[in-house]
Amino acid sequence: MSDQRPAPRVGLFVTCLVDVFRPTVGFAAVKLLEDAGCTVEVPSAQTCCGQPAFNSGDRKTAADLARNTIAAFEGFDYVVVPSGSCGGQIKHHYKELLADDPAWAARAHHLSARTYELVSFLADVLGVTNVEARYDGTVTYHDSCSGLRELGIKEQPRRLLNSVDGLTINELPGAEVCCGFGGTFCVKYPDISNHMVEAKIADITKTGADTLLAGDMGCLLNMAGKLKREGSPIRVRHVAEVLAGVTDEAPPIGDKT
Amino acid sequence: MHPTTHAFPENARKALSDERLQKVLSTAGTGFVEKRRKAAERLPEFEALRDQGRDLKNHVLANLDTYLEAFEAKVTEQGGHVHWCRTDQEARDAILGICRKANARTVTKGKSMIAEEIGINDYLEANGLIPIETDLGEYIIQLRHEPPSHIIAPAIHLSKEDVAETFRDAHTELPRDRLLDEPKVLIAEARQVLRRKFQEAEVGITGANLMIAETGSTIIVTNEGNGDLTQILPRIHVVIATIDKVVPTLEDATLVLRLLARSATGQEASAYTTVSTGPKRPGDVDGPEEFHVVLLDNGRSALLGTEFQDVLRCIRCGACMNHCPVYGSVGGHAYGWVYPGPIGSVMQPALLGVKEAGHLPNASTFCGRCEAVCPMRIPLPKMMRHWREKEFEQGLQPATMRRGLGVWGWFARRPALYHAATRMAVKALGALGRGKGRFARLPLAEGWTRHRDMPAPEGKTFQQQWAERKGKR
Ligand code: SF4
């Protein structure tokens, strides 16, 4: 590289669901970041961003986990998260949680300014306009709520997907309507959640796409779980897998190994 | 109205399996969303107006006492009366007192959510008066003895067939086999029946979308014109409003009105915007002889200075429920009391207590669409989260959930143990689900697997694989 600037040091916040359910997304994120010229590290002191506690009204646990994340990611140029939901928690809600704790509030602001969701980081911060990947299929894209409304992620994934060879996008009507996941909502109010995800997969099916993509594992597990329960052949993947061109390394979410 | 908000999950289940209701909900909802979107797009300064609206209301809430007293002084100066009421009971009694003094028998009513909140119809009826709703939607649900299911479209849960049936049962003086197949015909019939009532009424009660401190006026917006007849024809006009509806000037009122109509129905302005200032003056051709404002607190002032203050900015446009996927799934009646949708999920715990209404702020995915469209930029999800905090502090959440979160939180604070635990969990799940790709049933996850499969974890955790990889490097 002729660029004299040192490679940005990126700390990857893996997220619980990627860590447990879909490590492929984590490795896809590492590949995308490295291809774009970053050095990637994964601090082992990270656990959960604390959103489940925060959204359950347990501010104390949420604040403890916020402090844990802040400490684990001090010193990186950027913190990148393959989820708009956890990304939004770190970027927006840590400041609010720790507002009354002056020492930590400053550190929360500092982390907030450096934290990005993966796809928007690639597109908006690194200026990536195309990726080296091929995917032969017609995809449709669901805008996960937090990414869309807390972080303004809308065009970025579509722009990058358009640079994938062989890929066609069929827009999803109602792409901005919640899929019904909502963290603990989906188990606390399973029937309402089901009604919402039923409507969502009906819309997905109508697009004629063979693949559903989104940027958040929670929504993906929910929609994949419903599609598979209904016997749908539609494949479900995290958008990072397609952008990184690693789709032959793992079967789609919820499909057989 | 006796709240059934504590039974929200059962109410919701009933609503979800009510095919007739589901059909109405699936067609009714989308219209409002599209109309609002187009109206907002047509007005380049719409987003800036939302900021101004928020700032205006914040200013009012910070100086509420001043503006309310100024409003009262103006009303009195013009010969009207302001009745300050702390509670719903005081408001009911104030209204009954006015009716009794006037020897009233028939009372016409324009649409008012506060009237629903204090249950004025039942109270007047129990005291021998005849309250008549004059807004078409309210009239229909009054005939059906139902509460409203939406704050601006109270009968939105009904189809035109339902309405025809209701009219056939209620208007027994008309031939039973008459044709009632079109909205036009239904509206004409309601108008014909209501005209007579307007003339019989001694008292007319309306709500107020706004109260103007500088002039002592109240404003209502309607699309049917029934509000005008309600307040002009009877001898006495009673306005019922809560303290958060005051704004300093007429100019400020126009700001709110520009936001209100667009957010509610996608109109530039409602068909009728009616300003009432005091009783009939000498030389006026019409107007009431008496003008009363029943000014209700009912728990609002207790929200000032708390984390819930912002909710008092609400102008009751209904946009939050029109855009809410939970409201769209279960409809308004499932919320069990007067205010449904996201605004209800914030207001009902304030008015009924978290014990009665605690489900509502929990029954949200925090998708944020309500906040994204609220003309007053009320952070509704954040307020629902604050109610969850209150519940957590009071130990009101289900014990299994509290214990589960407690265990999880304990591990998540200890990274080494956390990673060991997730490794083990994934290994166990992997052994269960190997080769299937997903689970149709899973212990402790019935809420999930009742309706959908659970995709199986891939094998090892990311952290485990990353550590192994680094070891090799
Ligand atoms: S909370 Fe906002 S969107 Fe909902 S009714 Fe009130 S003003 Fe309208």
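Computed from a predicted model, the values in this text were never measured in an experiment.

**Student:** Would you mind showing me how to read the interface of chain B and chain A here?
**Tutor:** Many descriptions give the size of an interface as the accessible area lost when the pieces come together. The interface is formed by 63 residues belonging to chain B together with 72 residues belonging to chain A. Carbon and sulfur atoms supply 60% of the area buried between chain B and chain A, which totals about 5700 Å² over both sides. The largest contributions to the chain B side of the interface with chain A come from R452, E458 and F462 of chain B, which together make up 13% of the buried area. Run the count over chain B and chain A and you get seven salt bridges. For R59 of chain A, the salt bridge is made with E389 of chain B, and the minimal N-O distance between the two is 2.9 Å. Counting across the interface, chain B meets chain A through 33 residue pairs in polar contact (both at pLDDT 80 or more). Ranked by residues supplied to the side of chain B that touches chain A, first place goes to helix α19 (residues 380-393) of chain B with six residues. Split into classes, the residues belonging to the side of chain B that touches chain A amount to 27 nonpolar, 20 polar and 16 charged.

**Student:** How should I be thinking about the side chain of D19 of chain A in this particular structure?
**Tutor:** With respect to the helices and strands, the residue D19 of chain A is situated in helix α1 (residues 16-21). R423 of chain B provides the closest opposite charge to the buried, salt-bridge-free D19 of chain A, at an N-O distance of 8.3 Å. Setting aside chain neighbours within four positions, we find D19 of chain A in contact with V14 of chain A together with H419, T422, K460, T461, F462 and Q463 of chain B.

**Student:** What exactly am I supposed to notice about the domain arrangement of chain A here?
**Tutor:** Residue and element names in this part refer to chain A. Domain parsing of chain A yields domain 1 (9-124) and domain 2 (130-244). The C-alpha centroid of domain 2 is placed 22 Å from the C-alpha centroid of domain 1. With 26 residues of domain 1 in contact, the opposing surface of domain 2 contributes 22 residues. Regarding the contact of domain 1 and domain 2, the summed buried area is about 1900 Å², with carbon and sulfur atoms giving 68% of it. Together, R22, L32 and V119 form the three largest contributors to the area buried by domain 1 at its contact with domain 2, with a combined 24%. One can count one salt bridge joining domain 1 with domain 2. In this structure, R22 and E241 form a salt bridge, with 2.8 Å as the shortest nitrogen-oxygen distance. Between domain 1 and domain 2 we count nine residue pairs in polar contact (both at pLDDT 80 or more) in total. Those elements that place two or more of their residues in the side of domain 1 that touches domain 2 are α1, α2 (23-35), α5 (84-97) and α7 (118-125). If one sorts the elements of the side of domain 1 that touches domain 2 by residue count, α5 sits on top with eight residues. Its residues placed into classes, the side of domain 1 that touches domain 2 shows eleven nonpolar, ten polar and five charged.

Calculation criteria
- Residues numbered from 1 in each chain as written.
- Chains lettered and ligands numbered in written order.
- Predicted model: local features only at pLDDT ≥ 70, side-chain atom pairs only at ≥ 80, totals over all residues.
- Heavy atoms only, no water.
- Contact = heavy atoms within 4.5 Å.
- Buried area = accessible area lost by both parts, 1.4 Å probe.
- Salt bridge = Lys/Arg side-chain N within 4 Å of Asp/Glu carboxyl O.
- Polar contact = N/O pair within 3.5 Å; in protein donor to acceptor, adjacent residues only side chain to side chain.
- Helix = DSSP H or I, 4+ residues; strand = E, 2+ residues; numbered from the N terminus.
- Nonpolar A, V, L, I, M, F, W, Y, C, P; charged D, E, K, R; others polar.
- Buried < 20%, exposed > 50% of the residue type's maximum accessible area, 1.4 Å probe, protein only.
- Lys, Arg positive; Asp, Glu negative; His and termini not counted.
- Domains from an automatic or database assignment.

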